Amino acid sequence: MDDVMNASKEFFHQPLEEKQKCSNLVDGKHFQVEGYGNDQIKIQNQTLDWSDRLHLRVGPEKEINLANWPKQPESFRDVLQEYTSRSKRMKHIILGAMARLLELDEEYFISQFSERAPTTVRINHYVPCPRPDLVLGFKAHSDDGVLATLLVDNDVAALQVLRDGVWYDVPTNPRTLLVNVGDFMEIMSNGIFKSPVHRVVANAETERSSLAMFYGLDTEKEIGPAAHLLHENQPARYRKVKIKDYMAGFYEHFARGTRVLDTMKT
Ligand SMILES: O=C(O)CCC(=O)C(=O)O
Ligand SMILES: [Fe+2]
């Protein structure tokens, strides 16, 4: 855990020129999700976050494009790949336990992941912000995917979760994985597991890094609430949705500060 956090911080501490070697703007203009840089501009006057980001596809193995990965620091590729494979084991344990909690077959959630299911990493780096009253480190959102795991480098108060209209600080500790339920899990569990709306506030004094690993599903797949969870008194709260259609709306909703998940409720 320390190794992957240290390599990530080392990447962000390099000169801009080095980081831009894996820019998410191809030829300086065409946006791609993978790479270093800010969000894609989807709407006019879009508010950007006080953050530096690196997005990488880390699975499935045959879709990893190392050309988009940083070459510096040298250890970066190996430690990220090692972290990814260990995290996968964690994900299986967690998903098995979540299925058991709902009295579903232990493999229920794990079996939703086909060979083509994407795993992506987002590494966030927040430098001290002179005006934390004016900008967020990460605007309010819920995570796409089934699960996300989050690793942070220090315990500075930054991450907050929204509950009943009130923002609460989330205690985060280095070397402790924070497991976040994503929108796909909310749909499949028929809302029993909630995908929380969260944000990161900017900090005037302390820099902070975080590494989020997102477990997504094949874009051709359709998901809906698990049939075993539905009965007369418990109707489906979400309609069936193709992952492709969810993803098509995700980034625009994210840019507007709304949730694509809300459009999928029955
Ligand atoms: O930096 C954090 O604590 C959270 C980042 C986050 O929510 C994300 O990358 O989706
Ligand atoms: Fe998030």
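About the criteria used
- Residues numbered from 1 in each chain as written.
- Chains lettered and ligands numbered in written order.
- Predicted model: local features only at pLDDT ≥ 70, side-chain atom pairs only at ≥ 80, totals over all residues.
- Heavy atoms only, no water.
- Donors = N, O, S within 2.8 Å, 3.2 Å for Na, K, Ca; no water.
- Helix = DSSP H or I, 4+ residues; strand = E, 2+ residues; numbered from the N terminus.
- Buried < 20%, exposed > 50% of the residue type's maximum accessible area, 1.4 Å probe, protein only.
- Near = heavy atom within 4 Å.
- Polar contact = N/O pair within 3.5 Å; in protein donor to acceptor, adjacent residues only side chain to side chain.
- Areas by Shrake-Rupley, 256 points an atom, 1.4 Å probe, with all protein chains shown as cover.

### Side note on the coordination of the iron ion (ligand 2)
Octahedral metals with six donors have ideal donor angles of 90 or 180 degrees. Tetrahedral metals with four donors have an ideal donor angle of 109.5 degrees. Taken together, His 141 (NE2), Asp 143 (OD) and His 198 (NE2) make up the protein donors of the iron ion (ligand 2), found 2.1 to 2.2 Å from the metal. Written as a sequence motif, the donor residues of the iron ion (ligand 2) are H-x1-D-x54-H. Residue His 141 is located in strand 6 (residues 136-141), and its partner His 198 is located in strand 11 (residues 198-201); the two are separated by 57 residues in the primary sequence. Each member of the pair, His 141 as well as His 198, carries the same accessibility label: buried.

### A few points about unusual backbone geometry
Where the residue is not glycine, phi is negative for most of them; where a peptide bond is considered, it is trans in most cases. Here Gly 59 and Pro 60 are connected by a cis peptide whose omega angle stands at 0°. As for its placement among the helices and strands, Pro 60 is situated in the loop between strand 4 (52-59) and helix 3 (76-101). The omega torsion of the bond from Gln 72 to Pro 73 falls at -5°, within 30 degrees of zero and hence cis. Structurally, Pro 73 is set in the loop between strand 4 and helix 3. You will see that Glu 103, though not glycine, has its phi angle at about 60°, which is positive. Here Glu 103 is to be found in the loop between helix 3 and strand 5 (119-126). In this structure, Asn 190 is a non-glycine residue whose phi angle is positive, near 55°. When you line up the elements, Asn 190 lands in the loop between helix 4 (183-188) and strand 11.

### Observations concerning the site of ligand 1
As a structural note, the neighbourhood of ligand 1 is formed by 14 residues, with Arg 122, Tyr 126, His 198, Arg 208 and Ser 210 the closest of them. Interatomic distance of 3.1 Å between a side-chain N/O atom of Asn 124 and an oxygen atom of ligand 1. Side-chain polar atom of His 198 to an oxygen atom of ligand 1: 3.0 Å apart, as the coordinates give it. For ligand 1, the protein covers 99% of the area, taking 300 Å² as the surface of the free molecule. Among the elements of the structure, strand 5, strand 6, strand 11 and strand 12 (208-215) are those that each provide at least two residues to the shell around ligand 1. Here the shell around ligand 1 gets 4 residues from one element, more than from any other, and that element is strand 12.

So far we have only geometry, and geometry alone does not tell us how the molecule works.
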